[in-house]
Amino acid sequence: MTSKAEMFGAALGKAFRKTAEKLKEEAPPAKMYRTNLRDVPKVEGLPRDDGWVDMQVQFLIDKASAGADHVIGWTVLKPGARHERHRHHHCDEFFIVLKGHGHIYTDDGEAPSGKGDVVYSPRTCWHGFNNTSKADVVLVWGWMGAGSIEASGYEVAADSD
């Protein structure tokens, strides 16, 4: 004998499977996105008050360009340029120093950083980069868990210039 609960569960399971199959059929196929540094404009007018000091930034992959829930970026810091201490409440960040050297900002102060360094900052961890050298610093970086700066929960440290 089948109870009402078992019959309800069987009907619910059948409806769920049909809905899942229909959604699978309607989902657009995944599509690769490709770009090139020369085709992506540099972001103009990044506010110094928000910790962007003389930086050249390109958002290579993000929600707007590729529908992604993460961001991949490219930054050139001329001598004296810096990204002040900041954090993201809704995503993790990494960056790789491809060229040059300077100092990273950490929860414990500043530390030297140079070509080949890979830095990972979990959400809410303070971080940043200061080009203290006489040559350009080039970084590739990414936010995991947010497809835009608005979604990242960006906050610049109150003690930043």
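Summary of the structure given here.

Each value, and the rule that gives it
Residues numbered from 1 in each chain as written. Predicted model: local features only at pLDDT ≥ 70, side-chain atom pairs only at ≥ 80, totals over all residues. Heavy atoms only, no water. Helix = DSSP H or I, 4+ residues; strand = E, 2+ residues; numbered from the N terminus. Rg over C-alpha atoms; globule rule 2.2 N^0.38 Å. Buried < 20%, exposed > 50% of the residue type's maximum accessible area, 1.4 Å probe, protein only. Contact = heavy atoms within 4.5 Å. Areas by Shrake-Rupley, 256 points an atom, 1.4 Å probe, with all protein chains shown as cover. Lys, Arg positive; Asp, Glu negative; His and termini not counted. Charge placed at Lys NZ, Arg CZ, Asp CG, Glu CD.

A closer look at the overall build of the protein chain
Consideration 1: The helix and strand inventory of the protein chain stands at 3 helices and 9 strands.
Consideration 2: Reading the helices (α) and strands (β) of the protein chain from amino to carboxyl end gives α-β-α-β-β-β-β-β-β-β-α-β.
Consideration 3: Taking 15 Å as the expected radius of gyration for a compact globule of 161 residues, we find that the protein chain reaches 22 Å, considerably beyond that expectation.
Consideration 4: Expressed along its principal axes, the backbone C-alpha trace of the protein chain runs to roughly 80 × 35 × 30 Å.
Consideration 5: Expressed as a percentage of its 161 residues, the buried residues of the protein chain come to 37%.
Consideration 6: Sequence-distant contacts in the protein chain: of pairs separated by 6 or more residues, those separated by 24 or more amount to 69%.
Consideration 7: Accessible area of the protein chain: about 10,200 Å², with a carbon and sulfur share of 56%.
Consideration 8: Each charge sign in the protein chain was given a centre, from 20 positive and 23 negative side chains, and these centres are 9 Å apart.

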